[in-house]
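# Chain and residue survey
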Amino acid sequence: MMISINDYINNIFQDFSGYVKNSEKLCDLNPFTFEAGNIPDYSNIHIQQLYLLRYAFAYAFEYKRMYSKILKKLNIDTKLKIKSFGCGPMIDYWSLCNACEEHSFEYIGIDIIDWNYKFESQNPNPYRFIKENMIEYIKELKELDSDIYFFPKSICEIKNDDLTSICDSFRTKRISKDKIILGISLRADVRNLEIDACTSEKIANSIIENGFICKSDLNKCIRFEESHGIRKFESSFIYPDEVKALLDNLYNECSCSDEDSCEEKCREHLNRQPVLRTDNIRYQILEFERTK
Ligand SMILES: C[S@@+](CC[C@H](N)C(=O)[O-])C[C@H]1O[C@@H](n2cnc3c(N)ncnc32)[C@H](O)[C@@H]1O
């Protein structure tokens, strides 16, 4: 049976709280921010822990919603093929397994980093993980043979030159399915949302140039109109109180002071709460059908 999201978070918490207890300073975690284009160092296991304690709960919920909607649009009598670009610890695989209990699929996750806390592969739908730059991976493919191409909060990390290469692949390679879906999770703040939507539009236009029509509104981004706790929608999603308490006060566990150059950053970035509400959910589900 697949681990619950709460047990997954609790397991990471055991490791992270051990690190916090045994470390005088937590400055190594900084800068832990996505502001001003910063990307945290995902190769650092403690950054992975903090990232997952903050975001895994909300992302697992968001991706489950996305996959549930995507599956309704596809003919699931056949074995679905999914490629997840920037899969990280496979949160979206967990969401897919939970959204798609009765169907068989073939999931390939690609990421430049081999994360420590990858969800376990499950029968009857085991995953394949490929540690590679998605740009090289797509470039090397003879054809694009998946039904679903999923970008779980990874579109924001594609650099401009790399985007050109991805778009070239989607424009010129043979796409073997007559119907494909892009599932793209976007950042929520207005400026970054615009940047991410622009990236997704470029990929979508490449698919259109390859002989497909987009049946979805390219300008539409799905969000929750009202702010709710995720638990309202998924009663099994219960974020552990002790984890929340630790994250809410993390800065106090770091003993750096005015004399340390990192003090301001630590104060600013170490007290962020875990994401437990629907406010920041933004995604697109773009459906394409072959025209020629
Ligand atoms: C914000 S994290 C999202 C991780 C995970 N999908 C999630 O939902 O939490 C972005 C991920 O994209 C990966 N990534 C960024 N650029 C990449 C590239 N060019 N090729 C493969 N993976 C990439 C990073 O290593 C990281 O795991």
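Calculation notes
- Residues numbered from 1 in each chain as written.
- Predicted model: local features only at pLDDT ≥ 70, side-chain atom pairs only at ≥ 80, totals over all residues.
- Heavy atoms only, no water.
- Phe/Tyr/Trp six-rings, centres within 6.5 Å; stacked < 30°, edge-to-face > 60°.
- Buried < 20%, exposed > 50% of the residue type's maximum accessible area, 1.4 Å probe, protein only.
- Bend = angle between axes of the 7 residues up to and from the residue.
- Helix = DSSP H or I, 4+ residues; strand = E, 2+ residues; numbered from the N terminus.
- Polar contact = N/O pair within 3.5 Å; in protein donor to acceptor, adjacent residues only side chain to side chain.
- Axes fitted to C-alpha atoms, helices over the stretch in contact; angles between N-to-C directions.
- Parallel < 35°, antiparallel > 145°, perpendicular 65-115°, else oblique.
- Left-handed = near helix turned anticlockwise from the far one by under 90°.
- Contact = heavy atoms within 4.5 Å.
- Pairing = 2+ DSSP bridges.

## Topic: the packing of aromatic side chains
For the structure on display, the rule yields 30 aromatic pairs. Judged by centre distance (5.8 Å) and plane angle (85°), the rings of tyrosine 42 and tyrosine 51 are edge-to-face. Exposure class is identical for tyrosine 42 and tyrosine 51. Each is buried. Here the aromatic rings of phenylalanine 85 and tyrosine 149 are separated by 6.4 Å at their centres, their planes lie at 5°, and the arrangement is stacked.

## Quick word on helix 2 (residues 45-73)
In helix 2, a bend of some 50° at tyrosine 55 exceeds every other bend along the element. Most of helix 2 sits inside the fold, with 22 of its 29 residues counted as buried. Of the residues flanking the start of helix 2, the one acting as N-cap is asparagine 44, its side-chain oxygen 2.8 Å from the backbone nitrogen of histidine 46.

## Brief notes about the packing of helix 5 (residues 160-172) against helix 6 (residues 190-209)
Two elements in contact, helix 5 and helix 6, have axes separated by 7 Å at closest approach and are oriented at 25°. Overall, the two elements helix 5 and helix 6 adopt an arrangement that is roughly parallel. Of the two elements, helix 5 crosses helix 6, and the hand of that crossing is right-handed. Packed against helix 5, whose contacting residues are Leu163, Ile166, Cys167, Phe170 and Arg171, the element helix 6 presents Thr199, Lys202, Ile203, Ser206, Ile207 and Glu209 at the interface.

## Observations regarding unusual backbone geometry
Between asparagine 123 and proline 124 the backbone carries a cis peptide bond, its omega angle lying at 5°. Inspection of the secondary structure assignment puts proline 124 in the loop between strand 2 (105-111) and strand 3 (127-131). In this model, methionine 90 sits at a positive phi of 70°, which is unusual for a non-glycine residue. What makes methionine 90 buried here is its relative accessible area of 0%.

## As for the sheet that holds strand 2
On the basis of which strands lie adjacent, the open sheet formed by seven strands has the order 3-2-1-5-7-9-8 and mixed pairing. For this open sheet the edge positions go to strand 3 and strand 8 (212-214), each flanked by a neighbour on one side alone. Sheet twist, expressed as the mean angle between neighbouring strand axes with direction ignored, is 20°. The sheet contact formed by strand 1 (residues 80-85) and strand 2 spans six bridges and is parallel. Bridging across to strand 2, serine 84 finds its partner in glycine 109.

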